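These are the residues of each chain, in order.
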Amino acid sequence: FKKEFKKEVVDYFLKQTKYFGRRQELYGSSHENVRFALFDLACLNLLKLINFKPDIVQCHDWHSGLTPFFLQKEPFVSDPFYQGVATVFTIHNLAFQFGHNWWEVPEEAMDDGRSLLPSFAAASFENINFVKRGILHASLINTVSEKYAQEILTPEQGQGLHRLLQNHRDRLFGIVNGVDYGDYNPATDKNLFANYDARDLSGKKANK
């Protein structure tokens, strides 16, 4: 963080033993969808608990894809606290759409993205497509490059969602994915212990 930042960043952690406390691995359980649906719900409820109403909630990839959906459903949609909160759904890699491989789900069992969610205990919950619901319910959709925003509109790279994205292309944008080379220039960055550039890399070792 830049030195002029005076406010501390506060981190909040979700404690839930059944879905988050029994495994050391981050992914790979048989109930990945339930885990991250619970996470999305916890994040939305946390906002009200700490009395922080954001203008925009940015949701990155499938893990947070149900957040825009939840905001348009009860109890959130009728709660004045959440009124006017917009969502941006950011797609980094469209191949990952929920907690399992989307292409392994039989066509008849695929999520339509609009119907009510089954209960957490239902096996069908593991077929819920977080990305599809994020695309359908987010205020805006963006990708991590302008080129990728165009690529995912094609059958070749749309991962089965190209038609859905084409139907929502009016709110699909690509952004340049990168750092500000002026602020984060290792030759001039005052926050580094030692500066360096392409002609003299010795500062990298000093920083490490």
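Everything numeric here is computed off the predicted structure, so don't read it as measured data.

Caption draft 1: Summary view of the pattern of salt bridges. In the structure shown here, the tally under the stated rule is five salt bridges. Put simply, Asp79 and Lys48 hold a salt bridge, and the shortest N to O gap is 2.6 Å. A residue pair is termed long-range when its members are at least 10 positions apart, and Asp79 in the loop between helix 3 (66–71) and strand 2 (86–91) and Lys48 in helix 2 (residues 32–49) qualify at 31 residues. Lys48 sits in the partly exposed class, given a relative accessible area of 42%. Between Lys147 and Glu151 there is a salt bridge whose closest N-O contact spans 3.9 Å. Note that Lys147 and Glu151 are positioned in helix 5 (residues 146–151) at a spacing of four residues, about one turn of the helix. Take Lys147: its relative accessible area is 60%, and that puts it in the exposed class.

Caption draft 2: Region of the structure containing the layout of surface pockets. A volume near 960 Å³ is recorded for the largest pocket. Around the largest pocket, the lining is made up of 33 residues, and of these Tyr12, Phe39, Ala42, Cys43 and Leu46 lie nearest the centre. Of all elements in the fold, only helix 1 (17–21), helix 2 and strand 1 (56–60) reach the threshold of two or more residues within the lining of the largest pocket. Looking at which element gives the most residues to the lining of the largest pocket, the answer is helix 2, with 11 residues. When grouped by side-chain class, the residues that make up the lining of the largest pocket number 21 nonpolar, six polar and six charged.

Caption draft 3: Quick look at a nonpolar patch on the surface. Taken together, the side chains of Val10, Tyr12, Leu49, Ile50 and Phe52 make up a nonpolar region of the molecular surface, amounting to roughly 540 Å² of accessible area. Its place among the elements puts Val10 in the segment before helix 1.

Caption draft 4: Representation of the sheet that holds strand 1. Read from one edge of the open sheet, four strands run 1-2-3-4, paired in parallel fashion. The open sheet is flanked by strand 1 and strand 4 (172–174), the only strands paired with a single partner. Strand-to-strand twist in this sheet, taken as the mean axis angle between neighbours without regard to direction, amounts to 25°. Bridge count between strand 2 and strand 3 (residues 140–143): four bridges; the pairing is parallel. Looking at the pairing, Phe89 lines up with Ile141 of strand 3.

Caption draft 5: Inspection of the side chain of Arg35 at higher detail. Here Arg35 shows up in helix 2. Note on Arg35: relative accessible area 3%, which makes it buried. Within polar-contact distance, the side chain of Arg35 engages the side chain of Glu32 at 2.8 Å. Those residues in contact with Arg35, other than ones at most four positions away along the chain, are Tyr19, Phe20, Leu26 and Ser29.

Calculation notes
Residues numbered from 1 in each chain as written. Predicted model: local features only at pLDDT ≥ 70, side-chain atom pairs only at ≥ 80, totals over all residues. Heavy atoms only, no water. Salt bridge = Lys/Arg side-chain N within 4 Å of Asp/Glu carboxyl O. Helix = DSSP H or I, 4+ residues; strand = E, 2+ residues; numbered from the N terminus. Buried < 20%, exposed > 50% of the residue type's maximum accessible area, 1.4 Å probe, protein only. 1 Å grid on protein atoms, 1.4 Å probe; cavity = no way out; pocket = protein on both sides within 12 Å on 5 of 7 lines; lining within 4 Å. Points joined across faces, edges and corners; volume = space filled by probe spheres on them. Nonpolar A, V, L, I, M, F, W, Y, C, P; charged D, E, K, R; others polar. Patch = residues over 30% accessible without salt bridge, like charges linked within 9 Å, V, L, I, M, F, W, Y side chains within 5 Å. Areas by Shrake-Rupley, 256 points an atom, 1.4 Å probe, with all protein chains shown as cover. Pairing = 2+ DSSP bridges. Axes fitted to C-alpha atoms, helices over the stretch in contact; angles between N-to-C directions. Polar contact = N/O pair within 3.5 Å; in protein donor to acceptor, adjacent residues only side chain to side chain. Contact = heavy atoms within 4.5 Å.

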